[in-house]
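Observations on the model geometry
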Amino acid sequence: MESGKITWFGPERDAPSGKNDETIDAGGGTVVPGLIDCHTHVVFAGSREDEYVRKIRGESYLQIMQAGGGIRSTMRAVRVATEDELIAQSLPRLRRMLAGGTTTIEIKSGYGLRQADELKMLRVIARLRQLVPMEIVATYLGAHAVPPEFDWRADDYIDAMTEPSLLQTIAREKLADFADAFCEQGAFTVEQARRFLSRCAAHGLRPKVHAEQLSNYGGTRLAAELNAASADHLECIHDEDIAALQATLARREPGVPPRGAPTIPVLLPGCSFFLGTPPADARRLIDAGLPVALATDCNPGSSMIESLPLIMSIAAGQLRMTPAESLVACTANAAAALGRADRLGAIHPGHQADLLILDVPALEQWAYRVGVNAVSHVIKEGCAMTSSL
Ligand code: NIG
Ligand code: FE
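Residues numbered from 1 in each chain as written. Chains lettered and ligands numbered in written order. Predicted model: local features only at pLDDT ≥ 70, side-chain atom pairs only at ≥ 80, totals over all residues. Heavy atoms only, no water.

This part is about the pairing of strand 3 (residues 102–108). Among the seven residues that make up strand 3, seven are buried, leaving the element largely enclosed by the rest of the structure. Pairing geometry for strand 2 (residues 35–37) and strand 3, over three bridges, is parallel. The residue bridging I36 from the neighbouring strand is T104, located in strand 3. For strand 3 and strand 4 (residues 135–143), the ladder comprises five bridges, and the chain directions are parallel. Within the sheet, the bridge partner assigned to I105 lies in strand 4 and is I136. (Buried < 20%, exposed > 50% of the residue type's maximum accessible area, 1.4 Å probe, protein only. Helix = DSSP H or I, 4+ residues; strand = E, 2+ residues; numbered from the N terminus. Pairing = 2+ DSSP bridges.)

Here you go:
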């Protein structure tokens, strides 16, 4: 590694001669790329364990949402929180995630649900970059839920959250790279999500979609249509959605004029695990040749899970993903879901030197030791730190 980048990788006997300033002994452990959590809502205030208990007793996520809880409950807590309070709640989560091997993280807004509070969340995400040595990618999730003041007026809400002055501020201050919409009954229709995402795209924010989480609703096909970076969730996906995602792979084939990168399917098995609902059919997607990514979806309502290695264990048991498939899903494919595959997510000369040393002799032992933090060293841009766990 030199200047934060990987310069060479291979068997020791082929190593370039010359003296290194520093040698790190992995001690017989396993070295993997730093993990990339490409879908989170880790900036929030408050806590919703009351809903967790209601769900255990049989209420559904949708029922709780329709009764005024869910996203709106966190919205109320976020609206009254200051930037400093949001940072105080979020920073310990990020530090634990880093210690667990996450070196790059995407964080969404989406709990302010009015202009000033969405900007507040995006500014908190920007400030967190100065406080923790992780690469933080911001997403403007203005279309997460309809707030109470816009009840029955979702179209007006979309207009308010896509006002040119707001989108210009987000673009000018570089407050987000992506825009996201929750496309679902009780949230936003395909038409509303299309309008929100297209207006954001006109200001340089590439689309992402919360798609087919609770029902088959059309979000995945919208994601493919809009050249989205990813379609996320996909618990209720149908064959035509898979075909739409497959068609986006042609965008990266040699000879095809560049039309952007493929739309990456991002699975969030922490959600189905946490809610006790059926998981996405990962095998069907992988066997269809799609570059599946995994993420925690860390949020207070549907996946209060910070650990990507735990997600890899859940993916093994419930999605029948092998440890190698899960590692690619949390590194190279997750980098692609964030438009950063040329720079992150692989041990490759020229890529950023984000590496983990695991105190397990083989990759397979990582997911197998469920809930144990096997990360002994985190190396971010060439700087090594010992995991505090
Ligand atoms: O990805 N589906 C919508 N958004 C989140 C949940 C947010 C919440 O319940 O606070 C998700 O699951
Ligand atoms: Fe989400």
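Here we come to the coordination of the iron ion (ligand 2). Summarising the metal site, the iron ion (ligand 2) is bound by the protein donors H39 (NE2), H41 (NE2), H210 (NE2) and D297 (OD), whose distances to it range over 2.1 to 2.3 Å. Sequence spacing among the residues donating to the iron ion (ligand 2) works out to H-x1-H-x168-H-x86-D. A residue pair is termed long-range when its members are at least 10 positions apart, and H41 in the loop between strand 2 and helix 1 (49–56) and H210 in strand 6 (residues 206–211) qualify at 169 residues. H210 carries the same exposure label as H41, and that label is buried. (Donors = N, O, S within 2.8 Å, 3.2 Å for Na, K, Ca; no water.)

What follows concerns the sheet that holds strand 10 (residues 355–358). Reading across the sheet, the four strands line up as 1-10-11-12 and stay open at both edges, with antiparallel pairing between neighbours. Each of the sheet's edge strands pairs with one partner strand only, and the pair in question is strand 1 (30–33) and strand 12 (383–386). When the angles between neighbouring strand axes are averaged without regard to direction, this sheet yields 20 degrees. (Axes fitted to C-alpha atoms, helices over the stretch in contact; angles between N-to-C directions.)

With that settled, consider the packing of aromatic side chains. One pass over the structure, following the stated rule, counts four aromatic pairs. For the pair F150 and Y157, a centre-to-centre distance of 5.5 Å together with 65 degrees between the ring planes defines the contact as edge-to-face. For the pair F150 and Y157, a shared accessibility class is recorded, and that class is buried. With a centroid separation of 6.0 Å and 20 degrees between ring planes, the pair formed by Y157 and F188 is classed as stacked. Residue Y157 is located in helix 6 (residues 154–161), and its partner F188 is located in the loop between strand 5 (178–182) and helix 8 (190–201); the two are separated by 31 residues in the primary sequence. (Phe/Tyr/Trp six-rings, centres within 6.5 Å; stacked < 30°, edge-to-face > 60°.)

As a further point, take the nonpolar core. In this structure, L94, Y140, I170, F196 and W366 are the most contacted members of the largest nonpolar core, which totals 102 residues. Counting residues in each nonpolar core, the second largest holds 15 residues, with F178, A334, A337 and L344 among its members. (Core = buried A, V, L, I, M, F, W, Y, C linked by side-chain atoms within 4.5 Å.)

Below, the discussion takes up the sheet that holds strand 5. Strand order in the open sheet formed by eight strands is 2-3-4-5-6-7-8-9, and the pairing between neighbours is parallel. Sheet topology places strand 2 and strand 9 (293–294) at the edges, where each strand pairs with a single neighbour. Inspection of the sheet shows strand 5 paired to strand 6 by five bridges, in the parallel sense. Following the sheet pairing, F182 is matched in strand 6 by H210.

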